[in-house]
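Residues per chain are reported as follows:
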Amino acid sequence: MPKQRGRHSANLPSTKEVILHTAYKLFAMSGYENTSLRQIASNAGVDAALIVYQFSSKSGLWQAV
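Everything numeric in this text was worked out from a predicted model, so none of it was measured. (Residues numbered from 1 in each chain as written. Predicted model: local features only at pLDDT ≥ 70, side-chain atom pairs only at ≥ 80, totals over all residues. Heavy atoms only, no water.)

Caption draft 1: Focus on the overall build of the chain. A count of helices and strands for the chain gives four helices and zero strands. Ordered by position in the sequence, the α and β elements of the chain form the string α-α-α-α. Looking at the chain residue by residue over its 65 residues, the buried ones come to 28%. (Helix = DSSP H or I, 4+ residues; strand = E, 2+ residues; numbered from the N terminus. Buried < 20%, exposed > 50% of the residue type's maximum accessible area, 1.4 Å probe, protein only.)

Right under this line is the structure:
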């Protein structure tokens, strides 16, 4: 059975919400300069390319947070 992509259950937060929440926590703990997209992606359980796709850049993610 192929692995599902994204979060399809109504009870689960969207992938974008998970990324934003994870970024918020990591930016608050380590600051913008000391937080990498790879760290955020790893903690959110997504690929770093998805963050770039959703937010264009680390700066775009920072602005969204």
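That shown, we press on.
Caption draft 2: Summary view of unusual backbone geometry. A positive phi angle, near 75°, is found at Ser56, a position not held by glycine. Here Ser56 lies in the loop between α3 (48–55) and α4 (58–64). Its relative accessible area of 60% is what places Ser56 among the exposed residues.

Caption draft 3: Geometry of helix α2 (residues 37–44). The set of residues buried in α2 consists of Leu37, Ile40, Ala41 and Ala44. With its buried residues spanning 95° around the axis, α2 presents them on a single face. Exposed positions of α2 whose direction lies more than 90 degrees from the buried face are Arg38, Ser42 and Asn43. Each element contacted by the buried residues of α2 is listed here: α1 (15–30), α3 and α4. Just beyond α2, the residue with positive phi is Gly45, at close to 75°. (Arc of directions from axis to C-beta. Contact = heavy atoms within 4.5 Å.)

So, to be careful, I would describe these as geometric facts and stop short of saying anything about function.
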